[in-house]
Amino acid sequence: MSKTTQSIIDMVGSQPAVDNQDTFDQLWSILGDLFAKVDARFELHADPSTEILQPYHGLADSGGAEGFLSTFAGPEIDWLVHSWVGNPKLSFTNMHLTISLGAQYDAPNLGLAFGTTPDLFFYMDYVPRKELLTNPEYMDQYYIEANQNFLTLQQESDMVSFISQDVYTRVAQTATSLCISAPNSTTNMDKITHHAHEMLDRWLGWLDKPAASPESEWEARAERDEFIRRTIADRDPVNPLVAKLFGDETANNAIRALWGGDRHLPRAHRWK
């Protein structure tokens, strides 16, 4: 596997515009199947705060950029984002399924993102709820299996390891994070589908027999989760591109929605 440090914005800007509507439709369908699995497993309630983003539209000179951002919460799920943004007919798209568990669990949170730059792009990671350096038993419990997936994909000659220029973005990724750019092909689309479902199914399996977590730890864990969500959203290197397409006000609304800045529903550990 080769590597790139080129930014997403540079990837999009350095290549001719590509009509990626079919690719977008395939990726959004995959993400929809993943969301359906989660929706079948958990009690989810749509948060009213993001109704104004269903959908939202770009500026007059954006070439038809659009987005759709939905958020959910419930007694086990603190914050779930199911969204897409971009312009499928002009190269760039970005879609998310990110899930923060309730603080009563200490299992990792889940982050999945697909997109077109115009090549295929995908990010998949388990976001730890404990510091891995000082909790090696936690790392062993949740990351050993994921490590094999990571190593397997490193052998793929047509995939490119995406290394963010932003230090915090790299710090926020674990050593088993899959952050990869690849040519748009049926084979690579199949690989994305396989690995995404495998990661989600493994994550759901952890929650079938959740480890006990003392209630005294819940508030601190909830605050930590929200801080990480907010910081990742606020520092996302793609934010300037979103602001260019949609304007500052809409971009800021979408960024706040990613971490739950205007949420109406209660936190999961306070759910009644």
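Refer to the structure presented above.
**Q** Tell me about the overall build of the chain, and name the residues and values.
**A** In terms of regular secondary structure, the chain is built from eight helices and 10 strands. Relative to the globule expectation of 19 Å for 272 residues, the C-alpha radius of gyration of the chain, 18 Å, shows essentially globular dimensions. Taken along its principal axes, the extent of the C-alpha atoms in the chain is 55 × 45 × 35 Å. Within the chain, the proportion of its 272 residues that are buried is 52%. By sequence separation, contacts in the chain at least 24 residues apart represent 70% of the contacts at least 6 residues apart. Accessible area of the chain: about 12400 Å², with a carbon and sulfur share of 53%. For the chain, the distance from the average site of its 21 positive side-chain charges to the average site of its 38 negative ones is 5 Å.

**Q** Help me get a handle on helix α6 (residues 218-235), residues and values and all.
**A** For α6, which comprises 18 residues, the first-to-last C-alpha distance of 26 Å matches the rise-based estimate of 26 Å (1.5 Å per residue) to within 8%. In this structure, the buried residues of α6 make contact with β5 (77-86), β6 (93-101), β7 (109-116), α4 (167-171), α7 (239-246) and α8 (248-259).

**Q** Summarise the pattern of salt bridges; cite the residues concerned and give the values.
**A** Tallied over the full model, the rule gives 17 salt bridges. The closest approach of N and O atoms between R263 and D78, which form a salt bridge, is 3.6 Å. Here the residue R263 occupies a position in the segment after α8, and D78 occupies one in strand β5, the gap between them amounting to 185 residues. Taking the relative accessible area as the measure of exposure, R263 reaches 16% and is therefore buried. Between D225 and R129 there is a salt bridge, with the nearest N and O atoms lying 2.7 Å from each other. Of this pair, D225 sits in helix α6 while R129 is found in the loop between β8 (120-127) and α3 (136-154), placing the two residues 96 residues apart along the sequence. Note on D225: relative accessible area 5%, which makes it buried. Through salt bridges that share partners, D78, E226, R229, R263 and R267 make up one connected network.

**Q** Just give me the short version of the environment of A146, but keep the residues and values in it.
**A** Along the chain, A146 turns up in helix α3. As a C-alpha pair, A146 and G102 span 44 residues in sequence and 22 Å in three-dimensional space. Filtering out sequence-adjacent residues up to four positions away, A146 remains in contact with Y126, T176 and R202.

**Q** Quick rundown of the environment of G74? Include the residues and the values.
**A** Locating G74 in the fold gives a position in the loop between β4 (66-73) and β5. Taking the C-alpha atoms as reference points, G74 and G102, 28 residues apart in sequence, are found 8.4 Å from one another. Other than its neighbours up to four places away in sequence, G74 contacts E43, H45, A268 and W271.

**Q** So what's going on with the pairing of β7? Which residues, and what values?
**A** Along β7, eight of the eight residues are buried, which leaves the element largely enclosed by surrounding structure. As paired strands, β6 and β7 are joined by seven bridges and run antiparallel to one another. Bridging from a neighbouring strand, L97 pairs with L112 of β7. With eight bridges joining them, β7 and β8 adopt antiparallel strand pairing. Each bridged residue has a counterpart across the sheet, and for G111 the counterpart in β8 is D125. Remark: three residues form the turn of the hairpin made by β7 and β8, two consecutive strands paired antiparallel.

**Q** Could you give an account of the packing of α6 against α8, with specific residues and numbers?
**A** Running from N to C, α6 and α8 point in directions that differ by 155°, and their axes come no closer than 8 Å. Between α6 and α8, the angle is such that the two are roughly antiparallel. Helix-helix and strand crossings are classified by hand; for α6 and α8 the assignment is right-handed. The segment α6 lies against α8, with E226, R229, R230, A233 and D234 engaging I255, L258 and W259.

**Q** So what about the packing of aromatic side chains? Which residues, and what values?
**A** Applying the stated criterion across every chain yields a total of 10 aromatic pairs. Judged by centre distance (5.3 Å) and plane angle (40°), the rings of F35 and F72 are tilted. Placement of the pair is F35 in helix α2 (residues 21-41) and F72 in strand β4, with a sequence separation of 37 residues. Since its relative accessible area comes to 15%, F72 is described here as buried.

Cut-offs used in this document
- Residues numbered from 1 in each chain as written.
- Predicted model: local features only at pLDDT ≥ 70, side-chain atom pairs only at ≥ 80, totals over all residues.
- Heavy atoms only, no water.
- Helix = DSSP H or I, 4+ residues; strand = E, 2+ residues; numbered from the N terminus.
- Rg over C-alpha atoms; globule rule 2.2 N^0.38 Å.
- Buried < 20%, exposed > 50% of the residue type's maximum accessible area, 1.4 Å probe, protein only.
- Contact = heavy atoms within 4.5 Å.
- Areas by Shrake-Rupley, 256 points an atom, 1.4 Å probe, with all protein chains shown as cover.
- Lys, Arg positive; Asp, Glu negative; His and termini not counted.
- Charge placed at Lys NZ, Arg CZ, Asp CG, Glu CD.
- Expected span 1.5 Å × (residues − 1).
- Salt bridge = Lys/Arg side-chain N within 4 Å of Asp/Glu carboxyl O.
- Pairing = 2+ DSSP bridges.
- Axes fitted to C-alpha atoms, helices over the stretch in contact; angles between N-to-C directions.
- Parallel < 35°, antiparallel > 145°, perpendicular 65-115°, else oblique.
- Left-handed = near helix turned anticlockwise from the far one by under 90°.
- Phe/Tyr/Trp six-rings, centres within 6.5 Å; stacked < 30°, edge-to-face > 60°.

All we've got here are geometric facts, nothing functional implied.
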